[in-house]
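# Commentary on secondary and tertiary structure
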Amino acid sequence: MIKCENINLSFPKQIVCENFSFEVATGESVCISGPSGKGKSSLLKVLMGFMIPQSGKIQVDGLDLNSDTIATIRNKMIWLPQNSNLPVDSADELVVLLQMKEEQIRKFNQFLEQLGVKEYGGDRSFNEISGGQKQRIVLAACLSLDKPIILLDEPVSALDDYSIDLLFATLGSLPNKTIVSTSHNKKWLDFCDRTIEL
Ligand SMILES: Nc1ncnc2c1ncn2[C@@H]1O[C@H](COP(=O)(O)OP(=O)(O)OP(=O)(O)O)[C@@H](O)[C@H]1O
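Residues numbered from 1 in each chain as written. Predicted model: local features only at pLDDT ≥ 70, side-chain atom pairs only at ≥ 80, totals over all residues.

An unreviewed UniProt entry lists the protein under the name ABC transporter domain-containing protein, with Labilibaculum filiforme given as the organism.

Right, dumping it as structure tokens:
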């Protein structure tokens, strides 16, 4: 369960949210929606503890997010950054970056297969594949870590309808995941249990 209470987050030139509260139940899939530049990505970063709001309380599974609990809370989560932006250039480098264990590498290969990008795994440079193929590889890596809470920033921005359906089938095979996402994609919004308007 994720519980955010009275979050105030602003940047010098923009107020992202004022006294914003929401909850996400365990196993629920929600999408934070709102216009471009409103602050959806920033809110996911707040949940990861990458950004600290000016005030408000964030609780994950009953633990208040603070410097003492951040490691425990982050250990429950995986975050997919927008545009799959990561400091790596291939699936093999992702395995190293995420320090995947044997079982996770097995799952990674399984998800690559399910998402239709097995042939683009290994040491093939991300520069030589499409944005959608890269996005599916990074999604496969995220899912393979098997964390209970998955934060997805625009997870289907580069995917066609067919690839989105492959992702739905893959997510459908993973019970009890809590998913907090951002998206402007209608198919993704329909897939989520609920939308949270920012
Ligand atoms: N570290 C920062 N310092 C100052 N301003 C920031 C910072 N991060 C984000 N912003 C600003 O906060 C606003 C919200 O950005 P954010 O990326 O969270 O929006 P978004 O709703 O996810 O947008 P989009 O739908 O276009 O991805 C933007 O105006 C952005 O310029």
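### A closer look at the overall build of the protein
This is how the line gets drawn: Helix numbering and strand numbering both begin at the N terminus, where a helix is a DSSP run of H or I of at least 4 residues and a strand a DSSP run of E of at least 2. The globule rule used here is 2.2 Å times the number of residues to the 0.38 power, and the radius of gyration it is set against is calculated over C-alpha atoms. We call a residue exposed when 12 or fewer other C-beta atoms sit within 10 Å of its C-beta, buried when the count reaches 20 or more, and partly exposed for counts in between; the C-beta positions come from the backbone. C-beta atoms are placed from the backbone for every residue, and two residues are taken to be in contact when these atoms lie within 7 Å.
Counting secondary structure elements, the protein contains 7 helices and 9 strands. Relative to the globule expectation of 16 Å for 198 residues, the C-alpha radius of gyration of the protein, 17 Å, shows essentially globular dimensions. Overall, the C-alpha framework of the protein stretches about 45 × 35 × 35 Å when taken along its three principal axes. Buried positions account for 34% of the 198 residues belonging to the protein. Long-range pairs, those at least 24 residues apart, make up 71% of the contacts in the protein between residues at least 6 apart in sequence.

### Some thoughts on the sheet that holds strand S1 (residues 2-11)
Condition: Note: two strands are recorded as paired if DSSP finds a minimum of 2 bridges between them. Between N-to-C directions, angles span 0 to 180 degrees; the directions come from axes that are lines fitted to C-alpha atoms, helices contributing only their stretch in contact.
Strands sit in the order S2-S1-S4-S5 across an open sheet of 4 strands; the sheet is antiparallel. Looking along the sheet, the strands with just one partner apiece sit at the ends: strand S2 (14-24) and strand S5 (63-64). For S1 and S2, the ladder comprises 7 bridges, and the chain directions are antiparallel. Looking at the pairing, serine 10 lines up with isoleucine 15 of S2. Relative to the sheet, helix H1 (residues 40-48) contacts S1, S2 and strand S4 (55-60), its axis offset from that of S1 by approximately 120°.

### Some points on the sheet that holds strand S7 (residues 149-153)
Sheets are built from strands that pair by backbone hydrogen bonding, the pairs being arranged parallel or antiparallel. Strand order in the open sheet formed by 5 strands is S6-S7-S8-S3-S9, with parallel pairing between adjacent strands. Each having just a single partner strand, strand S6 (77-80) and strand S9 (194-197) make up the two edges of the open sheet. When the angles between neighbouring strand axes are averaged without regard to direction, this sheet yields 20°. In this structure, strand S3 (residues 29-33) lies alongside strand S8 (residues 178-182), joined through 4 bridges in parallel fashion. Residue pairing in the sheet places serine 29 in a bridge with isoleucine 179 of S8.

### Notes on the nonpolar core
Our working definition: In this description, a nonpolar core means buried residues of the types Ala, Val, Leu, Ile, Met, Phe, Trp, Tyr and Cys, linked to one another by C-beta atoms lying within 7 Å.
Residues Leu47, Ile137, Leu139, Ala140, Cys142, Leu151 and Val180 are the most contacted members of the largest nonpolar core, which totals 48 residues. Ranked by residues supplied to this core, first place goes to helix H5 (residues 131-144) with 7 residues. If we ignore the near neighbours within four places in the chain, the residues touching valine 180 are Ile2, Val24, Val30, Ile32, Leu44, Leu47 and Leu151.

### Details of the confidence of the model for the protein
Counted only if it meets this: pLDDT: the predictor's confidence for each residue, scored from 0 to 100.
Per-residue confidence for the protein gives a mean pLDDT of 95; residues scoring 70 or more make up 100%. Confidence estimates for the predicted assembly give a pTM of 0.94 and an ipTM of 0.93.

### A few points about the site of the ligand
Formally: Throughout this description, a residue near a molecule or strand is one whose C-beta atom, derived from the backbone, lies within 6 Å of it. Gly counts as polar in this scheme, as do all residues outside two lists: the nonpolar Ala, Val, Leu, Ile, Met, Phe, Trp, Tyr, Cys and Pro, and the charged Asp, Glu, Lys and Arg.
Of all residues adjacent to the ligand, which total 13 residues, the nearest are Phe11, Ser36, Lys40, Ser41 and Ser42. Mapped by element, the contributors of at least two residues to the shell around the ligand are S2 and H1. With 3 residues, H1 is the largest single contributor of residues to the shell around the ligand. Split into classes, the residues belonging to the shell around the ligand amount to 2 nonpolar, 9 polar and 2 charged.

### A word on the UniProt feature "domain: ABC transporter" (unreviewed entry) in the protein
Quick reminder of the rule: UniProt positions are given in the numbering used here, feature names are shortened, and annotations may be inferred rather than shown by experiment.
Under the UniProt annotation, the feature "domain: ABC transporter" (unreviewed entry) is placed at residues 2-198. Within the segment residues 2-198, helix and strand shares are 34% and 26% respectively, and the terminal C-alpha atoms sit 16 Å apart.

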